[in-house]
2 protein chains.
Amino acid sequence: MASVSAAATVRERLLAAATRLFAERGFESTSVQEIVRAAGVTKGAMYHYFDSKDDLLREIYARVLRLQTDRLNRFADAEGPVAERLHAAAVDVVVTTVENLDDSKIFFRSMHQLAPETYRSVRAERRRYHERFRDLVGEGVRAGVFRDDVPAEMVVDFFFGSVHHLGTWYHPDGPLSGQEVGRHFADLLLASLRPA
Amino acid sequence: MASVSAAATVRERLLAAATRLFAERGFESTSVQEIVRAAGVTKGAMYHYFDSKDDLLREIYARVLRLQTDRLNRFADAEGPVAERLHAAAVDVVVTTVENLDDSKIFFRSMHQLAPETYRSVRAERRRYHERFRDLVGEGVRAGVFRDDVPAEMVVDFFFGSVHHLGTWYHPDGPLSGQEVGRHFADLLLASLRPA
DNA sequence: CGCGCTGGACCGACCAGTCGGTATGCTGAC
DNA sequence: GTCAGCATACCGACTGGTCGGTCCAGCGCG
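Residues numbered from 1 in each chain as written. Chains lettered and ligands numbered in written order. Predicted model: local features only at pLDDT ≥ 70, side-chain atom pairs only at ≥ 80, totals over all residues. Heavy atoms only, no water.

**Regarding the UniProt feature "DNA-binding region" (unreviewed entry) in chain A**
- As annotated in UniProt, the feature "DNA-binding region" (unreviewed entry) corresponds to residues 31-50 of chain A in the numbering used here.
- As annotated, residues 31-50 of chain A has a helix share of 75% and a strand share of 0%, and its two end C-alpha atoms lie 15 Å apart. (UniProt positions renumbered as here; feature names shortened; annotations may be inferred. Helix = DSSP H or I, 4+ residues; strand = E, 2+ residues; numbered from the N terminus.)

The structure is reproduced here in structure tokens:
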């Protein structure tokens, strides 16, 4: 097991190692000993920076939520027709997801390992994120450019299911770039929203 | 924790209890002791019917794969236009998934807990299943009723991502029946495949 | 010299799996 | 009909080992 670059701070190295290991074998199947070994430090260092193994997971969630929310807002708040904004946001979600594939593998698989309070706050943040996306769909429906016979909520769950699933089949060194997958996914989403 | 009906065989009760608990808290966070308690039997009984905790998981996978493959084949082999067959198969996949939501929660989350050999065989079976679905899409593309500018493979991954994600948000006692969600999902799929 | 940081021995809890043993019921010889 | 012989079904205390987390000594930078 190669250790993470020694240039980063101990805290960053621990987070990077934990992210990789949690994605690879799951939170419960990764021991603290393995994390600190991969990060090239010891338990003493880890428990200096983090309260617990769960705390490490919590920080991983906090970061991915912040990143995704920031990026979505940038696209949703832009100028232009709603169809274009939704398309651009959809491409970007896919690109962001494949650029941080480990985070995405962890996200849904380890959700239930969070402490109840953290779990609730992550769910709430995720819901706000989905609502932002749903409002974009709703805007298009009201503008008459999207079909109105499928609930916007369901379209969003439909689309994010596909995005979440990327961690299962997408390989960064495969033939498809994140941009390409993103464009295809966004095209499928927009096509499925065309009025009959 | 209520125990499973005593009418079923010990083996069935163990599988039912394990399925529920694995779906609820994950494979690694469920102890054998908890499974046997929920099934109303003892460890001795469990290790009489199963080789290991992993063996229990393997049986759960074998069952869900068999069920899904059987049902898909029934729809793919039917008579009629390819768009209708695909639509019916898509509705049925969703219905089957929400009827066995615990299985679906376990499927992707616990895949990596399987022994390497079992893991490979489950992946292979799952791939055959996807290929069956992909061929249906390909058939429609060749017939000119589906668009040809998105790889069939990706359409399948796109759709099954949404199906897999159901375990995250669908609640059996919510306002939507499996049939309704299935119809919406199938409509979205077919709409996204319409030629431009 | 003081203190943020780190190493590593150590602890108690818990876990999957084992093992010696009991109970129940079927089978076929007489 | 019955009983020896045997297989199946099950029990639950126990074991070897792993895990998350603690603790404290020491190191080196300011």
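**As for the confidence of the model for chain A**
Residues and elements named next belong to chain A.
- Across chain A, pLDDT averages 92, with 96% of residues at or above 70.
- Averaged pLDDT values for the elements of chain A fall to 89 in helix α3 (residues 43-49) and rise to 97 in helix α9 (residues 178-193).
- Residue range residues 1-6 is modelled with pLDDT below 50. Its contacts to residues more than four positions away, or to other chains, number 15 contacts. (pLDDT = per-residue confidence, 0-100. Contact = heavy atoms within 4.5 Å.)

**Quick notes on the packing of helix α7 (residues 116-142) of chain A against helix α8 (residues 152-169) of chain A**
Residue and element names in this part refer to chain A.
- Interaxial distance between α7 and α8 falls to 9 Å at its minimum, and their mutual angle equals 115°. In this structure, α7 meets α8 at a crossing whose hand is right-handed. The segment α7 lies against α8, with R126, Y129, H130, F133, R134, V137 and G138 engaging A152, E153, V156, D157, F159 and F160.
- The residue makeup of the contact of α7 with α8, split by class, is seven nonpolar, two polar and four charged. (Axes fitted to C-alpha atoms, helices over the stretch in contact; angles between N-to-C directions. Left-handed = near helix turned anticlockwise from the far one by under 90°. Nonpolar A, V, L, I, M, F, W, Y, C, P; charged D, E, K, R; others polar.)

**Some words on the nonpolar core**
- If you look at the biggest cluster of nonpolar residues, it comprises 72 residues, and the most contacted ones within it are F133(A) and F133(B).
- The contacts of F133(B), once residues within four sequence positions are left out, are L72(B), L86(B), A89(B), A90(B), V93(B), V156(B), F159(B), F160(B) and L189(B). (Core = buried A, V, L, I, M, F, W, Y, C linked by side-chain atoms within 4.5 Å. Buried < 20%, exposed > 50% of the residue type's maximum accessible area, 1.4 Å probe, protein only.)

**Notes on the packing of aromatic side chains**
- On inspection of all chains with the given rule, the structure shows 21 aromatic pairs over all chains.
- Ring centres of F159(A) and F160(A) lie 5.6 Å apart, and the angle between their planes is 75°; this geometry places the pair in the edge-to-face category. Taken individually, F159(A) and F160(A) each receive the classification buried, so the pair is uniform in this respect.
- Where F133(B) meets F160(B), the ring centres are 4.8 Å apart and the plane angle is 75°; that geometry is what we call edge-to-face. Of this pair, F133(B) sits in helix α7 (residues 116-142) while F160(B) sits in helix α8 (residues 152-169), and the two are 27 residues apart along the sequence. Across this residue pair, the class does not change: F133(B) and F160(B) are buried.
- Cluster of aromatic residues (ring-pair linked, three or more members): Y129(A), F133(A), F158(A), F159(A), F160(A), F185(A), Y129(B), F133(B), F158(B), F159(B), F160(B) and F185(B).
- The ring of F27(A) has K53(A) lying over it, and the distance from NZ or CZ to the ring centre is 4.3 Å. (Phe/Tyr/Trp six-rings, centres within 6.5 Å; stacked < 30°, edge-to-face > 60°. Lys NZ or Arg CZ within 6 Å of the ring centre and 35° of its normal.)

**Concerning the environment of V156(A)**
Residue and element names in this part refer to chain A.
- Along the polypeptide, V156 turns up in helix α8.
- Distance in space between the C-alpha atoms of V156 and I60 is 24 Å, their sequence separation being 96 residues.
- When sequence neighbours within four positions are dropped, the list of residues in contact with V156 reads H130, F133, R134 and V137.

**Some remarks on the side chain of S162(A)**
- With respect to the helices and strands, the residue S162(A) is situated in helix α8.
- On the basis of relative accessible area, S162(A) is assigned to the buried category, the value being 0%.

**Brief notes about the relation of the copies chain A and chain B**
- If you rotate chain A by 180° and push it 0.0 Å along the axis, it lands on chain B with an RMSD of 0.0 Å. Viewed as a symmetry operation, the transformation between the two copies matches a two-fold axis. In terms of proximity to the rotation axis, the leading residue of chain A is S192(A), whose C-alpha is 2.1 Å off the axis.
- Counting the interface residues of chain A, we find that 100% of their copies in chain B are interface residues as well, pointing to one common contact surface. (Least-squares fit on C-alpha atoms with pLDDT ≥ 70 in both.)

**Some points on the protein's contact with DNA strand D**
- V32(A), K43(A), K53(A), T42(B) and Y49(B) are the nearest of the 13 residues found near DNA strand D.
- Looking at DNA strand D alone, sugar and phosphate atoms form 56% of those within 4 Å of the protein.
- A distance of 3.1 Å is found between a phosphate oxygen of DNA strand D and a side-chain nitrogen or oxygen belonging to H48(B).
- At the level of secondary structure, the elements contributing two or more residues to the surface near DNA strand D comprise α3 of chain A together with α3 (43-49) of chain B.
- Of all the elements, α3(B) adds the most residues to the surface near DNA strand D, at four residues.
- Per-class residue counts for the surface near DNA strand D are five nonpolar, six polar and two charged. (Near = heavy atom within 4 Å. Polar contact = N/O pair within 3.5 Å; in protein donor to acceptor, adjacent residues only side chain to side chain.)

**Thoughts on a negative patch on the surface**
- Taken together, the side chains of E28(A), D54(A), E28(B) and D54(B) define an acidic patch exposed on the protein surface.
- For E28(A), the position within the fold is in the loop between α1 (10-25) and α2 (32-39). (Patch = residues over 30% accessible without salt bridge, like charges linked within 9 Å, V, L, I, M, F, W, Y side chains within 5 Å. Areas by Shrake-Rupley, 256 points an atom, 1.4 Å probe, with all protein chains shown as cover. Salt bridge = Lys/Arg side-chain N within 4 Å of Asp/Glu carboxyl O. Lys, Arg positive; Asp, Glu negative; His and termini not counted. Charge placed at Lys NZ, Arg CZ, Asp CG, Glu CD.)

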